[in-house]
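Coordinates in review
Here are the chains, one letter per residue:
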Amino acid sequence: MKRRGALARWLIGVGTLYAVLAVVTTVAYLSAPKTNEPDGCDGIGFGCTLPPNETAVVVGAVVGLALLPVCAIAVLIVAFRASRKG
């Protein structure tokens, strides 16, 4: 029963990590400028970049996707060890 508590703590930790990532991404999106510099162009194209607020969303999505397999492997390892030790 003690090992199930360890798994629950890991799952809570992973959920908290994603919640913090969502909050940070939202704050960055809301606080970043909505447009680029006056002499720059908006959108994706040759020489164009995303506005800073949309860049924050893309970075948040990439980080979230990168963390997904890492967190899944960590939870699976903890679950496997918990099932082996009873």
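You'll find the structure just up there.
The subject of this paragraph is the overall build of the protein chain. A count of helices and strands for the protein chain gives 2 helices and 0 strands. Pairs at least 24 apart in sequence give 54% of the contacts found in the protein chain among residues at least 6 apart. Here the protein chain has roughly 6,500 Å² of accessible surface; of this, 72% comes from carbon and sulfur atoms.

Looking at the element boundaries, Thr-25 is found in helix 1 (residues 2–31). For Thr-25, the side chain forms a polar contact with the main-chain oxygen of Leu-21, separated by 2.8 Å. Beyond its immediate stretch of four places on either side in the chain, Thr-25 contacts Ala-56, Val-57 and Gly-60.

Now for the packing of aromatic side chains. One pass over the full model with this rule turns up 0 aromatic pairs. Positioned above the aromatic ring of Tyr-29, the side-chain terminus of Lys-34 is 5.2 Å from the ring centre.

Mapped onto the elements, Ile-77 comes out in helix 2 (residues 52–85). Here Ile-77 falls in the partly exposed class, since its relative accessible area comes to 46%. For the pair Ile-77 and Leu-7, spaced 70 residues apart in sequence, the C-alpha to C-alpha distance is 9.5 Å.

Given a rise of 1.5 Å per residue, 34 residues ought to cover 50 Å, and the 49 Å separating the end C-alpha atoms of helix 2 matches this to within 8%. Along helix 2, the sharpest kink reaches roughly 25 degrees, centred on Leu-68 and followed within four residues by the proline Pro-69.

With that out of the way, let us pick up the environment of Gly-5. Structurally, the position occupied by Gly-5 is in helix 1. Under the relative-accessibility criterion, Gly-5 is labelled partly exposed at 26%. Taking the C-alpha atoms as reference points, Gly-5 and Ala-82, separated by 77 residues in sequence, lie 9.3 Å from one another.

Judged by side-chain polarity, Tyr-29, Leu-30 and Val-57 come together as a nonpolar surface patch covering roughly 270 Å² of accessible area. Summarising the element assignment, Tyr-29 is placed in helix 1. Using a relative accessible area of 33% as the deciding quantity, one classes Tyr-29 as partly exposed.

Definitions and cut-offs
Residues numbered from 1 in each chain as written. Predicted model: local features only at pLDDT ≥ 70, side-chain atom pairs only at ≥ 80, totals over all residues. Heavy atoms only, no water. Helix = DSSP H or I, 4+ residues; strand = E, 2+ residues; numbered from the N terminus. Contact = heavy atoms within 4.5 Å. Areas by Shrake-Rupley, 256 points an atom, 1.4 Å probe, with all protein chains shown as cover. Polar contact = N/O pair within 3.5 Å; in protein donor to acceptor, adjacent residues only side chain to side chain. Phe/Tyr/Trp six-rings, centres within 6.5 Å; stacked < 30°, edge-to-face > 60°. Lys NZ or Arg CZ within 6 Å of the ring centre and 35° of its normal. Buried < 20%, exposed > 50% of the residue type's maximum accessible area, 1.4 Å probe, protein only. Expected span 1.5 Å × (residues − 1). Bend = angle between axes of the 7 residues up to and from the residue. Patch = residues over 30% accessible without salt bridge, like charges linked within 9 Å, V, L, I, M, F, W, Y side chains within 5 Å. Salt bridge = Lys/Arg side-chain N within 4 Å of Asp/Glu carboxyl O.

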